[in-house]
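The lines below spell out each chain.
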Amino acid sequence: MALSKYVALLCLGALSHFCSQVIADTCTVQSNPARCDLTDGSNRYIDITPAKFPDFPSEDGQFTYAFDPSGTGLNNGGTCTPGNQAAACQNAGDWFTLGLASQVSVDVQPNANPVTSTWSYSGGDSGRAVSIVITCGGSTPGKIDDKGEHPELTYNFALTSQDGCLQTPGMPTTPEPGPTEVPEVVISPGSVTVIIFFSVGTIYIAGGIALMRVRSGAQGLEMIPNREFWVSIPGLIKDGVMFLFSPCRRGGGDYEKL
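A brief structural summary. Small disclaimer: the values here were computed from a predicted structure and weren't measured.

Taken as a whole and judged by the stated rule, the model has seven aromatic pairs. Between the aromatic rings of phenylalanine 197 and phenylalanine 198, the centroid separation amounts to 5.3 Å while the plane-to-plane angle is 80°, which identifies the pairing as edge-to-face. Classification of phenylalanine 197 by relative accessible area gives exposed; the value is 57%. Judged by its relative accessible area of 54%, phenylalanine 198 is exposed. Across the ring face of tyrosine 45, the terminal group of arginine 35 is positioned such that the distance to the ring centre comes to 3.7 Å. A cation sits over an aromatic face here: arginine 128 above phenylalanine 96, 4.9 Å from the ring centre.

Below, the structure written as structure tokens:
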């Protein structure tokens, strides 16, 4: 019985930890509709003001969309104008407002890796609404993609941007770490020559020893290939040096004059 209670407590603890990682926290939007502040007392916030996309295609390529979380930068025509505070618009022959910047709610998963937030806009034409999931990462303004219309008149987008990262007052934005760049290794021509020399030399010596052993039954120093040549090299070097510095180079010597 005690063991069962212990296991149950462990399960509840694990479930509580899991929920604390994935349950979204409320993020309060105040005067700036493109910024929300966490309500956990950490003073952290997300500011997506730079994430503006005046023209990007729909998933099926039939429409184009525009997004400006501040609600002041879109002026595409129709109801998609700064005066209407449009945050997202659709061009279906004419421009329609999908959601207003003034009617936004934000949920954040601050403990997720990477941090994600969902920005929901309502107040669009004929009941249209927008849900955009923003993932911390990449650059600014980032990359936005259409994820389809579901349910009907609710338009879904996904944005990966540095602007979706949590910020702390006085601290720079910290995007999620990207892949580590591996420095390019450059081998100089001299290094290539040295590698080839030692590789060929190793093959020459090892192959020659094996051949002398198998074919001639040589042992010890006799297994060295072309042993006589290698042994004569010191003498040849000595003769060359003496020739360079001998008196005959200077026109002297004991040669008989003709």
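By definition, a disulfide links the sulfur atoms of two cysteine residues through a covalent bond. Enumeration according to the criterion identifies three disulfides in this entry. Sulfur-sulfur distance for the disulfide between cysteine 27 and cysteine 36 comes to 2.2 Å. Because the torsion about its S-S bond is 80°, the bridge between cysteine 27 and cysteine 36 counts as right-handed. The same class applies to cysteine 27 as to cysteine 36, namely buried. Here cysteine 80 engages in a disulfide with cysteine 89; their sulfurs sit 1.9 Å apart. Between cysteine 80 and cysteine 89 the disulfide shows an S-S torsion of about 95°. By sign, it is right-handed.

Right, let's talk about the pairing of strand E5 (residues 64-67) for a bit. Where strand E4 (residues 53-57) and E5 come together, three bridges link them in antiparallel fashion. Bridging across to E5, proline 57 finds its partner in threonine 64. Taken together, E4 and the strand that follows it, E5, pair antiparallel across an intervening segment of six residues, in which glycine 61 is found at a positive phi of about 80°. Judged from the four bridges that link them, E5 and strand E6 (residues 86-91) form a sheet pairing that is antiparallel. When the bridges of E6 are listed, alanine 66 appears paired with cysteine 89.

As a further point, take unusual backbone geometry. Cis geometry is adopted by the peptide bond preceding proline 141, which originates at threonine 140 and carries an omega value of 5°. Omega for the bond connecting histidine 150 with proline 151 falls within 30 degrees of zero, at -5°, which places this linkage in the cis form. Among the structural elements, proline 151 can be located in the loop between strand E10 (143-149) and strand E11 (154-161). Unlike most non-glycine residues, serine 126 shows phi in positive territory, near 55°.

The end-to-end C-alpha separation of helix H3 (residues 227-245) is 29 Å, in line with the 27 Å expected for 19 residues at 1.5 Å each. Along H3, the sharpest kink reaches roughly 40°, centred on isoleucine 233 and followed within four residues by the proline proline 234.

Here we come to a nonpolar patch on the surface. A contiguous nonpolar patch, built from Tyr204, Ile205, Ile209, Leu221, Ile224, Phe229 and Trp230 and spanning about 650 Å² of accessible area, is present on the exposed surface. At the level of elements, helix H2 (189-216) and H3 are the ones that each hand at least two residues to the nonpolar patch. With three residues, the top contributor of residues to the nonpolar patch is H2. Relative to the assigned elements, leucine 221 resides in the loop between H2 and H3. Given a relative accessible area of 56%, leucine 221 falls into the exposed group.

Turning to H2, a few remarks are in order. Taking 1.5 Å of rise per residue, 28 residues should cover 40 Å, and H2 covers 39 Å from first to last C-alpha, within 8% of that figure. Glycine 217, located one to two residues past H2, shows a positive phi value of around 65°.

Now for the nonpolar core. Nonpolar side chains in soluble globular proteins tend to be buried together. Core analysis: the largest hydrophobic core is formed by 31 residues, its most contacted members being Ile48, Phe67, Trp119, Tyr121, Ile132 and Phe157. Broken down by secondary-structure element, the contributors of at least two residues to this core are strand E2 (35-38), E4, E5, E6, strand E7 (95-109), strand E8 (116-123), strand E9 (129-136) and E11. With five residues, the top contributor of residues to this core is E7. One finds Ala66, Leu74, Cys89 and Trp95 within the second-largest nonpolar core, a separate group that totals six residues.

Analysis parameters
Residues numbered from 1 in each chain as written. Predicted model: local features only at pLDDT ≥ 70, side-chain atom pairs only at ≥ 80, totals over all residues. Heavy atoms only, no water. Phe/Tyr/Trp six-rings, centres within 6.5 Å; stacked < 30°, edge-to-face > 60°. Buried < 20%, exposed > 50% of the residue type's maximum accessible area, 1.4 Å probe, protein only. Lys NZ or Arg CZ within 6 Å of the ring centre and 35° of its normal. Disulfide = S-S within 2.5 Å. Pairing = 2+ DSSP bridges. Helix = DSSP H or I, 4+ residues; strand = E, 2+ residues; numbered from the N terminus. Expected span 1.5 Å × (residues − 1). Bend = angle between axes of the 7 residues up to and from the residue. Patch = residues over 30% accessible without salt bridge, like charges linked within 9 Å, V, L, I, M, F, W, Y side chains within 5 Å. Areas by Shrake-Rupley, 256 points an atom, 1.4 Å probe, with all protein chains shown as cover. Salt bridge = Lys/Arg side-chain N within 4 Å of Asp/Glu carboxyl O. Core = buried A, V, L, I, M, F, W, Y, C linked by side-chain atoms within 4.5 Å.

Read these as geometric descriptors, not functional statements.
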